[in-house]
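Letter by letter, the chains look like this.
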Amino acid sequence: MKRLFIICLLFLFFVPFYTKAYSKTGHEIFQEITFKDEGKLLVDMTTSEVEEGYKYLKGLKFIGWKHYYFNIKEEATYVGEVLFAKSNRSKDPIKIDYKYKDTNTNERSITYGGSLSGKFKKNIKGIDTEINAKIEGNVKKVTSNQTVEETSFTVTIHPNRRIVFRETGDCLVTNGVSKYYFLGITLNKGSWEYIDIVTRYYELYEEVIS
Amino acid sequence: MRKKFFYFFCGLSILVLLVIIITKNVPQLLEVTTFKKAYNMVLVNEDESLEIPLFISNTNSYFTEKANIESIIISNNDETLKFNLESINENKEKILLKDKWFFKYVYKLKPIIDKTVDITLEMKNAKLEISFKRGTNSSIAIGSLCIYSFNNTSENLSIIKLKGLVNDFDGNKLVGVLMGLKNNTKEDLIIKNIYPLDININASYAEIIELNDFNQKENISYILGYNYKLYENIENDNLEISLSDEIKLFIPIKYKDRITVNKVGFLIEYVMNNELHYYIIDDFLFFDSNDYLISDIRGLVFYTYEYN
């Protein structure tokens, strides 16, 4: 019994628990993504649809990565995070001054599936460079962070109302599957998706507290 | 044979020497550019500042270190305003222009201004003028600059909705604003004027409609039901909008110039008990984009300076 207890403790110690916030888009910063034309997020694809992608990677490769793209810079709109919300449950109006300043906003959101890990990030850069080179008239730009302009406002929150400041925007979705070959043998494979934010829209509104 | 080798060696030495002299005397150049836009500020809080991004061809130059800068003003032919340089922040963004990478640095500036008096400062063709401690100056066209400060804003009105409609008119343009207003008094108010606080735009009073909401990027012509003209000189008569409780107005915007306005405040004039009052809406960021168009890039002006 004691041994079993020690084994359980060791198991807890060595096996890390990953908790990931649920997001129906697969990306924490996007609550909803709607494609302008055709397109599908990885999270909405069935296993067989993803497997179909791997079939295109079956050709001979001695060493290195092979990629298959489901979507390349497909235009979409997103509903982003609530940046600020405050409710007034009192009987009197509340006046607040709010200042929004985010100096460290990621312009790109990346997810990986299968046996791909964060190390695949450098391959995403390579994929993006390759795609950009193919798209004519594209302005070549490298960004890891975006400085969002500062904005501030004074607002009165009326009794039983809630004020919300939120972000929506335009984005480009690229996703696909990749396989890594060594001496013709598949050593690693998985799916990936990256979403680039192009334009952010900000909105302030008041709603009745239910 | 020895003689030939001697002549060859002398010739080669002279050539190498010439190359060294020529390359040493050619000064290394630094290039700076920026996308022109409508900068505006409504001064409400003490710590408000203006952020101007500059794209610089080198990462390590006197443009990128605060310690190298003596003073900064923004001016045009008629007006001048001095600023304190708060910081120069490297943005980790670079853009390929003229086959060369340009690195983004953001100048954060605080206007030196007395806010106890009402201020309206509007500059078209504004230039960022930097004096360096090394004795040189630079003058970079940034677009326009408008600064407003009001001391007697009322609290009879408050905002319940603020959302900008952005359409593609040769790039993203703020074409209309959905503004929800609430009357906080028991008196009836009459809205007389709604002024966007930027020199480049006007509200088109004749085209204002009541609207609950719109989908972002929805075509303004579809919302209004006719073909909308963005660039138009208009003459506005006073408004007569009665406000007893709440109202949501869609305010179409007209442009005087082809410039990007993504952040703007408003001054609302209204009558209550036969007296004129005003309500100020602080500058609100309606959209923010890093989507540079080829047409924007073609219009860039590159300023060249000696690197050393």
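Residues numbered from 1 in each chain as written. Chains lettered and ligands numbered in written order. Predicted model: local features only at pLDDT ≥ 70, side-chain atom pairs only at ≥ 80, totals over all residues. Heavy atoms only, no water.

What about the packing of aromatic side chains?
Right, on to step 1. Counting across every chain of the model gives 26 aromatic pairs over all chains.
Right, on to step 2. Aromatic pair F153(A) and F284(B): ring centres 5.9 Å apart, planes at 50°, arrangement tilted. A residue pair is termed interchain when its members come from two chains, as with F153(A) in strand β8 (residues 151-157) and F284(B) in strand β17 (residues 275-285).
Right, on to step 3. We classify F153(A) as buried; its relative accessible area is 5%.
Right, on to step 4. Here the aromatic rings of Y148(B) and F150(B) are separated by 6.3 Å at their centres, their planes lie at 10°, and the arrangement is stacked. Each member of the pair, Y148(B) as well as F150(B), carries the same accessibility label: buried.
Right, on to step 5. Members of the aromatic cluster, joined through ring pairs, are F84(A), Y98(A), Y100(A), F153(A), F165(A), Y202(A), F284(B) and F286(B). (Phe/Tyr/Trp six-rings, centres within 6.5 Å; stacked < 30°, edge-to-face > 60°. Helix = DSSP H or I, 4+ residues; strand = E, 2+ residues; numbered from the N terminus. Buried < 20%, exposed > 50% of the residue type's maximum accessible area, 1.4 Å probe, protein only.)

Comments concerning the interface of chain B and chain A
In many analyses, interface size is given as the accessible surface area lost on bringing the parts together.
Right, on to step 1. Across the contact, 46 residues belong to chain B and 37 residues belong to chain A.
Right, on to step 2. For the chain B and chain A pair, buried surface summed over both sides reaches about 3500 Å², with 47% attributable to carbon and sulfur atoms.
Right, on to step 3. Across the chain B-chain A interface, the total number found is four salt bridges.
Right, on to step 4. Across the pair K217(B) and D170(A) runs a salt bridge whose closest N-O atoms are separated by 3.5 Å.
Right, on to step 5. Between chain B and chain A we count 16 residue pairs in polar contact (both at pLDDT 80 or more) in total.
Right, on to step 6. If you list the elements that add at least two residues to the side of chain B that touches chain A, you get β5 (80-97), β6 (100-111), β9 (157-168), β10 (172-183), β17, β18 (287-289) and α3 (294-298) of chain B.
Right, on to step 7. In terms of residue count, β9(B) provides more of the side of chain B that touches chain A than any other element does, seven residues in total. (Contact = heavy atoms within 4.5 Å. Buried area = accessible area lost by both parts, 1.4 Å probe. Salt bridge = Lys/Arg side-chain N within 4 Å of Asp/Glu carboxyl O. Polar contact = N/O pair within 3.5 Å; in protein donor to acceptor, adjacent residues only side chain to side chain.)

Concerning the pairing of β5(B)
Residue and element names in this part refer to chain B.
Right, on to step 1. When strand β4 (residues 69-75) meets β5, the two strands line up antiparallel, connected through four bridges. Its bridge partner lying in β5, S75 is registered against T80.
Right, on to step 2. Count of turn residues in the β5/β6 antiparallel hairpin: two residues, of which K98 carries a positive phi of about 50°. (Pairing = 2+ DSSP bridges.)

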